[in-house]
Amino acid sequence: MLKGGVIMDVVDAEQAKIAEESGACAVMALERVPADIRRDGGVARMSNPRMIKEIQDAVSIPVMAKVRIGHFVEAQVLQSLSIDFIDESEVLTPADEYNHVDKFEFDAPFVCGATNLGEALRRIGEGAAMIRSKGEAGTGNVVEAVRHMREIVGGIKKLTTLSSTELPTAAKELQAPLELVREVATAGWLPVPVFCAGGIATPADAALMMQLGAEGNFVGSGIFKSDDPERRAKAIVEATTHFNDPDRIAAASEQLGEAMPGIEMAALGEDGRLAGRGW
Amino acid sequence: MPDAAGSDQPASAGGPRIGVLAVQGGFQRHVEHLTEAGAEPVEVRIPADVDGLDGLILPGGESTTITMGIESAGLGPAIQAHHAADLPILGTCAGMIVAGREHLGLIDITTKRNAFGRQLASFEDDIEVEGIVDGSIRAVFIRAPWVESTGKGVEVLAEVREHPVAVRQGTVTALSFHPELTPDNRIHKWFVNACHK
């Protein structure tokens, strides 16, 4: 039951406790936050199981961890640790350039990134139990997450306007399973929750994504790369709950110190973009 | 479906006004079930939202997150006043924990969090909930709590694996499971009836 909540990236038990005490509804255990993965380069892999266990022992909220796209053995390992959610993530270096993990093979639920509706439906078709926007992780720049949320929500709206005759062609264009396309066209929403991830750095960013239709937020580098992580974490939780209340968002945004430094998309270049990973 | 900006209070349907605590968690499905059961749902985020309610649902979610959200919004006294006025309250999953003695103190129980295990240990079971629904109902347990101890005057309405998962004291009912996640609307209909003045 993560909806309406904030899932925070943490790299050790101490950060996990701060996240829990600040109102996170879950934590994502990883060795380096995306901003550091960007800086360090090299191959980014699943976290060390010992570190994940330490975090599981430290908090009572759900613990998630990331596997490389297509790396089903990393997923098997996380499941054996009784992880609460597996994130098949473009933030790590992909292990398979053609196939994602067959998520139906697992009991542990998966969350997957998507940049548009077709990609979201392909992941759900593979068994994802939750979708998040990809955004551009580790940039502190919300522009890509906004693009992805608008693509997903706009795509859903468009489907609801089509007649049943038009849905097979829509499915072909989306490269998505027809049954799921029909389901979304009828229900007007995805069959799984949609969260935002990628570049959220401020309470206003978090509320923006909620107003655009996200059902909750992932915040990665934005919290523990800022001046005062605890206060910023609380403020982002507050803004995610009270996303339609500008007075409360304003109050939460005061005295926060510096947000993480951001990166302009043009400065990344094509090679620096993580959102292109996965298909 | 998420709320579009500014449209989170559905229009009046003529039924009782029932609040759903919306600081975090699975409140949206409760709102949908209440609407279907003929109530007028109200999302509760600040104390003023509790004014004039005929009933209140404390939904599932993360109890630590919800507890903090209640505190930061100053909602505790408003919910306790609603309770003191003998108005019905239904707590589900984390809402059971929040209603208990260690948090809002609306019902004299202590609970054990994640009592059945982590996410992977989530399960469904057909159970009977005495005095609420006739026959059995499909109950979804996700990282669910159970009731560890009950004070005087608390009735146990259902047990799973020999632990209470549905309890009632006066106008407060608490369930370990998620009645909003199945299409079966009987529990919400029962609650809406209980909220009729």
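S.K.: Where do I start with the environment of A:Met209 in this structure?
M.R.: All names here are of chain A. Along the chain, the position of Met209 falls in helix α9 (residues 203-211). By relative accessible area, which is 0% here, Met209 ends up buried. Each C-alpha atom of the pair Met209 and Gly154 lies 14 Å from the other, and the pair is 55 residues apart in sequence. Not counting chain neighbours up to four residues away, the residues in contact with Met209 comprise Val142, Ala145, Val146, Met149, Cys196, Ile200, Ala214 and Asn217.

S.K.: How should I be thinking about the nonpolar core in this particular structure?
M.R.: Proteins that are soluble and globular tend to have nonpolar side chains buried together. Formed by 73 residues in total, the largest nonpolar core has its most connected members in A:Leu78, A:Leu121, A:Leu159, A:Leu190 and A:Met209. Considering each element in turn, this core owes the most residues, 7 residues, to helix α6 (residues 143-160) of chain A. With near-sequence residues (within four places) excluded, A:Leu159 lies in contact with A:Leu117, A:Leu167, A:Ala170, A:Leu174, A:Val181, A:Val184 and A:Ala185. Judged by nonpolar contacts, the second largest core, of 34 residues, contains B:Ile127, B:Val133, B:Phe141 and B:Phe177.

S.K.: How do you make sense of the interface of chain B and chain A when you look at a structure like this?
M.R.: It is common to give the size of an interface as the accessible area that goes away when the parts come together. Taken together, the contact between chain B and chain A spans 30 residues of the former and 36 residues of the latter. Carbon and sulfur atoms supply 56% of the area that chain B and chain A bury against each other, a total of about 2,500 Å² over both sides. Joining chain B to chain A, the criterion identifies 2 salt bridges. When the shortest N-O distance is used, the salt bridge between A:Asp84 and B:Arg143 registers 3.4 Å. Grouping the amino acids of the side of chain B that touches chain A by side-chain chemistry returns 10 nonpolar, 12 polar and 8 charged.

S.K.: It is not clear to me how the side chain of A:Ser47 should be interpreted in this structure. Could you clarify?
M.R.: Here A:Ser47 lies in the loop between α2 (34-40) and α3 (49-58). Of note is the side chain of A:Ser47, whose polar atom sits 3.1 Å from the backbone nitrogen of A:Glu31.

Each value, and the rule that gives it
- Residues numbered from 1 in each chain as written.
- Chains lettered and ligands numbered in written order.
- Predicted model: local features only at pLDDT ≥ 70, side-chain atom pairs only at ≥ 80, totals over all residues.
- Heavy atoms only, no water.
- Helix = DSSP H or I, 4+ residues; strand = E, 2+ residues; numbered from the N terminus.
- Buried < 20%, exposed > 50% of the residue type's maximum accessible area, 1.4 Å probe, protein only.
- Contact = heavy atoms within 4.5 Å.
- Core = buried A, V, L, I, M, F, W, Y, C linked by side-chain atoms within 4.5 Å.
- Buried area = accessible area lost by both parts, 1.4 Å probe.
- Salt bridge = Lys/Arg side-chain N within 4 Å of Asp/Glu carboxyl O.
- Nonpolar A, V, L, I, M, F, W, Y, C, P; charged D, E, K, R; others polar.
- Polar contact = N/O pair within 3.5 Å; in protein donor to acceptor, adjacent residues only side chain to side chain.

Distances and angles like these do not, on their own, reveal function.
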